Amino acid sequence: MATTETLRTEFERYMDEHNVKYTVVNEAENVVLLSFSRSEDESTRVFVDFDESDNASSVHFCVQNFAKVKSQDLLPKALLIVNELNMNWRWLKFYIDVNSLEITADSDAKVFPGTVGDECTEICFRAANIIDEAFKQLDAVIEKDEGEDTPSKEELLSMLKQLMDQISNE
């Protein structure tokens, strides 16, 4: 049976062989980040978290806080759009944190040694494409990004902590 670290390493090797850029966010927790350009100054960040439980064969994919609803007044409309996204896209589950108004999408997959690189890379690319389409539907209810989209190390660590807290609560 493969270990979590073995699966993450196989995934990294696959991406290296195919010239896919990535960042190991937390080697000890087996979390990798892929960033996909949406436009000239915006990107979609997909966190890939290799689960240490469940016989090291589960991977959690998270596009955390990729958009934010403009206001509480628009929350009902945003929830309807997110519900429609969930009906239309089987690869990702969308949800809104009703307190922070941030929108997240995530997915889980069972992976296997020998194919983990191809499987995880495909899911990441598919997630990025779905997020591109989701932005079109969410456009009227979300804040527009005015600043630089490249997160600082502190922001990445904060997102990782949020992701880890989310996973531990499931």
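Cut-offs and rules
Starting from 1, residues in each chain are numbered consecutively following that chain's sequence as written. Only residues with pLDDT of at least 70 get local features here, since the model is predicted, and only at 80 or more are side-chain atom pairs given and counted; chain-wide, interface and lining totals rely on the full set of residues. Note that water and hydrogens are dropped before the side-chain values are worked out from all heavy atoms of the structure. Runs of E in the DSSP output that reach at least two residues are strands. Runs of H or I that reach at least four are helices, and both are numbered from the N terminus. Burial classes follow relative accessibility: with a 1.4 Å probe on protein chains only, a residue under 20% of its type's maximum area counts as buried, one over 50% as exposed, and anything between as partly exposed. Residue contacts are counted whenever heavy atoms from the two residues lie within 4.5 Å of one another. Note that accessible areas follow from Shrake-Rupley with a 1.4 Å probe, and for residues the cover is restricted to the protein chains shown. Pairing between strands is defined by DSSP: at least two bridges between the two strands are required. In this analysis, the expected span of each helix is defined as 1.5 Å times one less than the number of residues it contains. What counts as an axis is a line fitted to C-alpha atoms, over the stretch in contact for a helix, and the angles between N-to-C directions run from 0 to 180 degrees. Any two of the Phe, Tyr and Trp rings considered here, Trp counted by its six-membered ring, make a pair once their centres fall within 6.5 Å; the pair's planes then place it as stacked at under 30 degrees, edge-to-face at over 60, or tilted in between. Any Lys or Arg side-chain nitrogen located within 4 Å of an Asp or Glu carboxyl oxygen qualifies as a salt bridge.

## Things to note about the overall build of the protein
Secondary structure assignment for the protein yields 4 helices and 6 strands. In sequence order, the secondary structure elements of the protein are arranged as α-β-β-β-β-α-β-β-α-α. By its C-alpha atoms, the protein is 50 × 30 × 30 Å across when sized along the principal axes. Each of the 170 residues in the protein was classed as buried or not, and the buried ones make up 43%. Summarising the internal contacts of the protein: among those between residues at least 6 apart in sequence, 61% fall at separations of at least 24. Roughly 9,400 Å² of accessible area belongs to the protein as shown, and the carbon and sulfur atoms make up 49% of that amount.

## Here we look at the pairing of strand 2 (residues 31–37)
Burial within strand 2 is extensive, with 5 of its 7 residues counted as buried. Between strand 1 (residues 23–26) and strand 2, which pair antiparallel and follow one another directly, the connecting turn spans 4 residues, one of which, Asn30, has a positive phi of 60°. Direction of pairing for strand 2 relative to strand 3 (residues 43–50): antiparallel, over a ladder of 7 bridges. Note on strand 3: the bridge partner recorded for Ser35 is Arg45.

## Describing the pairing of strand 1
Here strand 1 runs beside strand 2; their pairing, made up of 3 bridges, is antiparallel. Bridge pairing links Thr23 to Leu33 in strand 2.

## Section: helix 1 (residues 4–17)
Counted at 1.5 Å a residue, the expected span for helix 1 with its 14 residues is 20 Å, and the 20 Å between its end C-alpha atoms agrees. Looking at the buried positions of helix 1, the neighbouring elements they touch are strand 1, strand 2, strand 3 and helix 3 (116–138). Looking at the residues trailing helix 1, positive phi occurs at Asn19, about 55°.

## A look at the sheet that holds strand 4 (residues 58–68)
Strand pairing in a sheet is mediated by backbone hydrogen bonds. Such pairs are either parallel or antiparallel. If you walk across this open sheet you meet the 6 strands as 1-2-3-4-6-5, and the pairing is antiparallel. Of all strands in the sheet, those bounded by a partner on one side alone are strand 1 and strand 5 (93–96). Each strand axis lies, on average, 25° off the axis of its neighbour in the sheet, ignoring direction. On top of the sheet, helix 1 reaches strand 1, strand 2 and strand 3; it is set at about 30° to strand 2, its chief contact. Taken strand by strand, helix 2 (residues 75–88) contacts strand 5 and strand 6 (102–110), and its axis lies near 170° from that of strand 5.

## Considerations on the packing of aromatic side chains
By the definition in use, this model includes 4 aromatic pairs. Summarising the aromatic geometry, the rings of Phe66 and Phe135 are spaced 5.6 Å apart at their centres and angled 70° between planes, so their arrangement reads as edge-to-face. On the criterion of sequence distance, the pair formed by Phe66 in strand 4 and Phe135 in helix 3 is long-range, its members being 69 residues apart. Of the two residues, Phe66 and Phe135, neither departs from the other in class, the shared state being buried.

## Describing the environment of Val25
By the element assignment, Val25 lies in strand 1. Val25 sits in the buried class, given a relative accessible area of 18%. Apart from the residues within four sequence positions on either side, Val25 is in contact with Val31, Val32, Leu33, Phe47 and Leu160.

## Focus: the pattern of salt bridges
One pass over the structure, following the stated rule, counts 5 salt bridges. Note that Glu122 is salt-bridged to Arg126, the shortest N-O span being 2.7 Å. With Glu122 and Arg126 both in helix 3 and 4 residues apart, this pair spans about one turn of that helix. It is possible to trace a salt-bridge network through shared partners that takes in Arg8, Glu12 and Glu27.

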